[in-house]
Amino acid sequence: MPVAQKVVVASVTPRAFILKHIALFAAAALFVFVLSLTYGLDLSPGFF
């Protein structure tokens, strides 16, 4: 493992790691919720 990568991995606390993943999960859930409200993404030619 390169030294720079060891420094980055060592500087991340378990609490920050967990909070980061909770935030990513919440963002993904919000994205899916918004898509469900809009019936998906409209990529039809008339949309553009």
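Up top is the structure.
Rules and cut-offs
- Residues numbered from 1 in each chain as written.
- Predicted model: local features only at pLDDT ≥ 70, side-chain atom pairs only at ≥ 80, totals over all residues.
- Heavy atoms only, no water.
- Helix = DSSP H or I, 4+ residues; strand = E, 2+ residues; numbered from the N terminus.
- Buried < 20%, exposed > 50% of the residue type's maximum accessible area, 1.4 Å probe, protein only.
- Areas by Shrake-Rupley, 256 points an atom, 1.4 Å probe, with all protein chains shown as cover.
- Patch = residues over 30% accessible without salt bridge, like charges linked within 9 Å, V, L, I, M, F, W, Y side chains within 5 Å.
- Salt bridge = Lys/Arg side-chain N within 4 Å of Asp/Glu carboxyl O.
- Expected span 1.5 Å × (residues − 1).

A. Inspection of the overall build of the chain at higher detail. The secondary structure content of the chain amounts to two helices and zero strands. Across the 48 residues of the chain, 0% fall into the buried class. Accessible surface, the chain: about 4,600 Å² in total, of which carbon and sulfur atoms supply 78%.

B. Here's a closer look at a nonpolar patch on the surface. Together, Val12, Phe17, Ile18, Leu19 and Ile22 line one region of the surface with nonpolar side chains, adding up to about 480 Å² of accessible area. Turning to its location among the elements, isoleucine 18 is positioned in helix 2 (residues 14-37).

C. The arrangement of helix 2 in detail. Between its first and last C-alpha, helix 2 extends 35 Å over 24 residues, near the 34 Å set by a 1.5 Å rise per residue. Downstream of helix 2 by a residue or two, tyrosine 39 has a phi angle that is positive, lying close to 55°.

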